[in-house]
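Spelled out from the first residue to the last, the chains are:
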Amino acid sequence: HPAVLVAMDIAGADEIYCMGGAQAVAAFAYGTQSIKKVDLIVGPGNKFVTEAKRQVLGDVGIDSLAGPSEVLIVADHTADPEFLAIDLLAQAEHDPNSKAILVCTDRATIDKTMKEMDRLITTLNTEDVCRQSWKDNGAIYLADSVQEAIDLANEIADRQRARSCAANAPLRLSVCRTLCAGRIR
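Source: prediction; values computed, not measured.

The helix and strand inventory of the protein chain stands at eight helices and six strands. Listed N to C, the secondary structure of the protein chain is α-α-β-α-β-β-α-β-α-α-β-α-β-α in terms of helices and strands. Considering only intrachain contacts with a sequence separation of at least 6, the fraction spanning at least 24 residues in the protein chain is 59%. Counting every atom, the protein chain has about 10600 Å² of accessible surface; 54% of that belongs to carbon and sulfur.

Grouped together as the largest cluster of nonpolar side chains are 18 residues, with contacts concentrated most on I73, A75, L84, L88, L89, L102 and M117. Contributing elements (two or more residues each) for this core: β3 (70–75), α4 (81–92), β4 (99–104), α5 (107–121) and α6 (127–137). Counting residues in hydrophobic clusters, the runner-up holds 13 residues, among them A24, A29, V49 and V56.

This paragraph deals with the confidence of the model for the protein chain. With 82% of its residues at a pLDDT of at least 70, the protein chain reaches an overall mean of 82. For the protein chain, helix α8 (residues 169–176) is the element with the lowest average pLDDT, namely 43, and α5 is the one with the highest, namely 97. Predicted confidence for residues 158–182 stays below pLDDT 50, and this span has 68 contacts to residues more than four positions away or in other chains.

Moving on, we come to the side chain of T109. The residue T109 is located in helix α5 in this model. Residues within four places of T109 in sequence aside, it is in contact with D76, H77, A79, P81, L84 and C104.

Quick look at the packing of aromatic side chains now. Tallying each qualifying case throughout the model produces one aromatic pair. Each ring, one from Y17 and one from F28, has its centre 5.9 Å from the other, and the planes form 35°; the classification is tilted. Here Y17 is found in the loop between α1 (2–10) and α2 (22–30), whereas its partner F28 is found in helix α2, with 11 residues between them in sequence. Residue class for Y17 comes out partly exposed when judged on its relative accessible area of 25%.

So, about a nonpolar patch on the surface. On the surface, a cluster of nonpolar side chains totalling about 270 Å² of accessible area is made up of V4, L5, M8 and I16. On the secondary structure map, V4 appears in helix α1.

Once that is clear, we can look at the environment of G58. With respect to the element layout, G58 can be found in the loop between α3 (47–56) and β2 (61–62). For G58, a relative accessible area of 70% puts it in the exposed group. For the pair G58 and A29, spaced 29 residues apart in sequence, the C-alpha separation works out to 9.7 Å.

A cluster of like negative charges, contributed by D144, E148, D151 and E155, occupies part of the molecular surface. Here E155 is to be found in helix α7 (residues 146–156). Judged by its relative accessible area of 66%, E155 is exposed.

The subject of this paragraph is the pairing of β4. When you tally the buried positions in β4, you get five out of six residues, the bulk of the element. Here β4 pairs with strand β5 (residues 139–142) via four bridges, running parallel. What sits directly across from C104, in β5, is L142.

In this section: the layout of surface pockets. Empty space left among the atoms is revealed by rolling a probe the size of a water molecule over them. Its boundaries defined by the atoms lining it, the largest pocket holds a volume of some 1200 Å³. What lines the largest pocket is a set of 31 residues, among which Y17, M19, V42, G43 and P44 lie closest to the centre.

Using the criterion set out here, one finds seven salt bridges in the structure. Between E51 and R54 there is a salt bridge, with the nearest N and O atoms lying 2.5 Å from each other. Separated by three residues within a single helix, E51 and R54 lie in helix α3, roughly one turn from each other. Given the relative accessible area of 30%, E51 is considered partly exposed.

Criteria and thresholds
Residues numbered from 1 in each chain as written. Predicted model: local features only at pLDDT ≥ 70, side-chain atom pairs only at ≥ 80, totals over all residues. Heavy atoms only, no water. Helix = DSSP H or I, 4+ residues; strand = E, 2+ residues; numbered from the N terminus. Contact = heavy atoms within 4.5 Å. Areas by Shrake-Rupley, 256 points an atom, 1.4 Å probe, with all protein chains shown as cover. Core = buried A, V, L, I, M, F, W, Y, C linked by side-chain atoms within 4.5 Å. Buried < 20%, exposed > 50% of the residue type's maximum accessible area, 1.4 Å probe, protein only. pLDDT = per-residue confidence, 0-100. Phe/Tyr/Trp six-rings, centres within 6.5 Å; stacked < 30°, edge-to-face > 60°. Patch = residues over 30% accessible without salt bridge, like charges linked within 9 Å, V, L, I, M, F, W, Y side chains within 5 Å. Salt bridge = Lys/Arg side-chain N within 4 Å of Asp/Glu carboxyl O. Lys, Arg positive; Asp, Glu negative; His and termini not counted. Charge placed at Lys NZ, Arg CZ, Asp CG, Glu CD. Pairing = 2+ DSSP bridges. 1 Å grid on protein atoms, 1.4 Å probe; cavity = no way out; pocket = protein on both sides within 12 Å on 5 of 7 lines; lining within 4 Å. Points joined across faces, edges and corners; volume = space filled by probe spheres on them.

Set out below in structure tokens:
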């Protein structure tokens, strides 16, 4: 992503490689004729990337050994459907086993999000993976209230969660009382 590359440049990265896949993990960990061995490998990936990271652990720093990518988004009527679609597709594109789940309190927001997903998915190089992941593992739930959405999110208890809600204090406090949040924004 261009913004990430700019941030890396600003942070003083002296070399930036834009590569992916298990083969890239090996190249980064041990170096090649054209790529220097790196100190740290970061970023998401499918089960093959995770296995490659596991195999080089100890030879190079890694961010984590993540399984299939998962996201559960709790949203209300104030959420931007385009952003919701982007977050869902960003998870689905990693692997056919990825899970992308939306719990929303507003039917219109759900409908607009689905339209945005249909529009955006055709622009991705990973369209086939996204479609398979969404077909097999994607889900959308309509909740009657924010509390019901939070209860459902806690019941599903994914490791990784994003929240997209109104900025009012009672809603923020409710969201912060969730039991298993990985990330709240």
